[in-house]
Amino acid sequence: MESSALAVGIRLKEISTKEIAYQNCTVLHADNIGLAFEVQRTVAEGGNVETVVSQILVPWVNIQYVLLMEERT
């Protein structure tokens with residue numbers, strides 16, 4: 001994948017790895033090694049529901065696909 005197309009701040013619909021799919025991510029950095037992004041998610045622990053913001057770095061070899069946008073008709 002050509003990383004130069006993924007500029008800082010671009011919103012991605014989905015990033016999928018073998019283990020998990022991250023939705024509504026924001027690109028923090030992209031280079032030849034991997035993709036760093038921020039994702040906000042809701043986590044329930046011990047009866048409490050919290051919003052967590054994570055910054056994640058995933059090597060390109062672990063990414064199955066990146067969904068840039070999705071249009072429904």
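Cut-off values and rules
- Residues numbered from 1 in each chain as written.
- Predicted model: local features only at pLDDT ≥ 70, side-chain atom pairs only at ≥ 80, totals over all residues.
- Heavy atoms only, no water.
- Pairing = 2+ DSSP bridges.
- Helix = DSSP H or I, 4+ residues; strand = E, 2+ residues; numbered from the N terminus.
- Axes fitted to C-alpha atoms, helices over the stretch in contact; angles between N-to-C directions.
- Polar contact = N/O pair within 3.5 Å; in protein donor to acceptor, adjacent residues only side chain to side chain.
- Contact = heavy atoms within 4.5 Å.

Trainee: Now, about the sheet that holds strand 5 (residues 63-67): what can you tell me, with residues and values included?
Mentor: Taken in spatial order, the five strands line up as 4-3-2-1-5 in an open sheet, and their pairing is antiparallel. Of all strands in the sheet, those with a lone pairing partner are strand 4 (48-59) and strand 5, marking the two edges. Taken over all neighbouring pairs, the strand axes of this sheet differ in orientation by 40° on average, direction set aside. One ladder, built from five bridges, connects strand 2 (residues 21-30) with strand 3 (residues 34-45); its direction is antiparallel. Among the inter-strand pairings, A30 is bridged to a residue of strand 3, identified as L35.

Trainee: Could you give an account of the pairing of strand 4, naming the residues involved and the relevant values?
Mentor: With 12 bridges joining them, strand 3 and strand 4 adopt antiparallel strand pairing. Bridging from a neighbouring strand, T42 pairs with T51 of strand 4. Adjacent in sequence and paired antiparallel, strand 3 and strand 4 are bridged by two residues, among which G46 carries a positive phi angle near 55°.

Trainee: A description of the side chain of S54 should follow, citing residues and the corresponding values.
Mentor: Inspection of the secondary structure assignment puts S54 in strand 4. Of note is the side chain of S54, whose polar atom sits 3.2 Å from the side chain of R41. Leaving out residues up to four positions away in the same chain, S54 has contacts with F37, E38, V39 and R41.

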